[in-house]
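Chain by chain, the residues run as shown.
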Amino acid sequence: MMRSAVRGAGLGLRRALLDELAAVEPGTPAAPAFLEVAPENWMQLGGRLGRQFRALTERFPFATHGLSLSLGSTAPLDEAFVLQVRRFLDVHGIADYSEHLSACSDEHGHLYDLMPIPFTDEAVQHVAARIRRVQALLERQIAIENVSAYAMPGAQMSELAFITAVLDEADCALLLDVNNVHVNSVNHGFDAAAFIAALPAARVRALHVAGHYVEAPDLLIDTHGADVIDPVWSLLEQAYARFGPRPTVLERDFNIPPLPQLMTEVGRVAALQAAAHG
């Protein structure tokens, strides 16, 4: 299993943070250890934004996390897009690429949401074949992320069994989103700690943490728009105890506070990593 090329506690790069990140010194407590981006949001940019992005890739280590590959779709795999991603990774010297274990398109276009994949043997074979093709085109082993889901239609196995089967069949890595485990455990009534304990440790390459919205006691919405809550921090600590202090990204997509406030949470990730390492 290929290890991540990044280390430590990272932050999802958003345009609102460009100026603040340009002003901090990498390797200091004021800066994340690495940055993560969605290639789709950056690979066609030129001008001032393109120059700002390039300046950051020259100063910080980077990982990438895709949004639109649609691994679970029945539409043909967009191989031209995959090759564009490969060029982007090569230009910026980025080794790590991950995607969501979901579908976000059909034959008519993109759905602009991450739709669940039926947990069936047929879906395992379909998704794994697409992952293997992506890995061949990228000449990289990729990681897949467990996603939040508000329905699990047509399920013939558990989410845990489905993820494990895809990892084995595709020979890919796992990007473990700890918040998504918590969200799904509340929405679908399973034990989040037991879920993490049963994952194949050798497959876990990196982790995500984020905040969510409480719609009801039994309905959480994965928004990336709030601070990380205590149960998710506890799950992250359990994940480090099980897998070691793998590189971890704090995601924040809405209600983005100033960088120093975000760095408080990134610093908490780093502290948990240091405790696990010790």
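This text goes with the structure placed above it.
Student: How would you summarise the packing of aromatic side chains if you had to cite specific residues and measurements?
Tutor: The relative placement of two aromatic rings is captured by the distance of their centres and the angle of their planes. Evaluated as defined, the whole model comprises five aromatic pairs. Note on Trp 42 and Phe 53: the rings are 4.9 Å apart at their centroids and 20° apart in plane angle, and the pair reads as stacked. Here the residue Trp 42 occupies a position in the loop between β2 (35–37) and α2 (47–57), and Phe 53 occupies one in helix α2, the gap between them amounting to eleven residues. By relative accessible area, which is 5% here, Trp 42 ends up buried. Relative accessible area serves as the criterion here: at 2%, Phe 53 is assigned to the buried category. Where Phe 119 meets Phe 162, the ring centres are 4.9 Å apart and the plane angle is 35°; that geometry is what we call tilted. Taken together, the positions of Phe 119 in the loop between β6 (109–115) and α4 (121–138) and Phe 162 in helix α5 (residues 159–170) put the pair 43 residues apart, joining distant regions of the chain. Residue classification places Phe 119 among the buried positions, given a relative accessible area of 10%. Residue class for Phe 162 comes out buried when judged on its relative accessible area of 1%. What links up through ring pairs into an aromatic cluster is the set Trp 42, Phe 53, Phe 62 and Phe 88. Sitting over the ring of Trp 42, Arg 15 keeps its end group 5.9 Å from the ring centre.

Student: Explain helix α9 (residues 259–277) to me, using residue names and the numbers behind them.
Tutor: Three- or four-residue spacings in an α-helix give side chains the same orientation, since the helix completes a turn every 3.6 residues. With 19 residues, α9 should cover 27 Å at 1.5 Å per step; its first-to-last C-alpha distance of 26 Å lies within 8% of that length. For α9, the set of buried residues is Leu 259, Leu 262, Met 263, Glu 265, Val 266, Val 269, Leu 272 and Gln 273. Its buried side turned inward, α9 meets β1 (9–12), α1 (18–22), β9 (204–209), α8 (230–243) and β12 (248–250).

Student: Any details on the packing of helix α3 (residues 79–92) against α4? Residues and values, ideally.
Tutor: Running from amino to carboxyl end, α3 crosses α4 at an angle of 45°, the nearest separation of the two axes being 9 Å. Regarding the angle of α3 to α4, the classification is oblique. Once α3 is placed against α4, the crossing between them reads as right-handed. Along the contact surface, α3 presents Glu 79, Val 82, Leu 83, Val 85 and Arg 86, while α4 presents Arg 133, Val 134, Leu 137 and Leu 138. Considering only residue class, the contact of α3 with α4 consists of six nonpolar, no polar and three charged.

Student: Outline the nonpolar core, listing residues and values.
Tutor: With 73 residues, the main nonpolar core has Leu 13, Phe 62, Ile 131, Phe 162, Leu 176 and Leu 236 as its most contacted residues. Considering every element that reaches this core, the biggest residue donor is α4, with eight residues. Here Ile 131 is in contact with Leu 71, Ile 142, Ile 144, Val 166, Ala 170 and Cys 172, once residues within four sequence places are set aside.

Student: Break down the pattern of salt bridges for me, citing the residues and quoting the values.
Tutor: Applying the stated criterion across every chain, the model contains eleven salt bridges. The partner of Arg 14 in a salt bridge is Asp 253, and the shortest N-O contact between them spans 2.5 Å. A residue pair is termed long-range when its members are at least 10 positions apart, and Arg 14 in the loop between β1 and α1 and Asp 253 in the loop between β12 and α9 qualify at 239 residues. The residue Arg 252 makes a salt bridge to Asp 227 at a minimum N-O spacing of 3.1 Å. Within this pair, whereas Arg 252 is found in the loop between β12 and α9, its partner Asp 227 is found in the loop between β11 (219–221) and α8, the two being separated by 25 residues in sequence. Residue Asp 227 is classed as partly exposed on the basis of its relative accessible area, which comes to 40%. Residues joined in a network through salt bridges with shared partners are Arg 86, Asp 90, Glu 139 and Arg 140.

Cut-offs used in this document
Residues numbered from 1 in each chain as written. Predicted model: local features only at pLDDT ≥ 70, side-chain atom pairs only at ≥ 80, totals over all residues. Heavy atoms only, no water. Phe/Tyr/Trp six-rings, centres within 6.5 Å; stacked < 30°, edge-to-face > 60°. Helix = DSSP H or I, 4+ residues; strand = E, 2+ residues; numbered from the N terminus. Buried < 20%, exposed > 50% of the residue type's maximum accessible area, 1.4 Å probe, protein only. Lys NZ or Arg CZ within 6 Å of the ring centre and 35° of its normal. Expected span 1.5 Å × (residues − 1). Contact = heavy atoms within 4.5 Å. Axes fitted to C-alpha atoms, helices over the stretch in contact; angles between N-to-C directions. Parallel < 35°, antiparallel > 145°, perpendicular 65-115°, else oblique. Left-handed = near helix turned anticlockwise from the far one by under 90°. Nonpolar A, V, L, I, M, F, W, Y, C, P; charged D, E, K, R; others polar. Core = buried A, V, L, I, M, F, W, Y, C linked by side-chain atoms within 4.5 Å. Salt bridge = Lys/Arg side-chain N within 4 Å of Asp/Glu carboxyl O.

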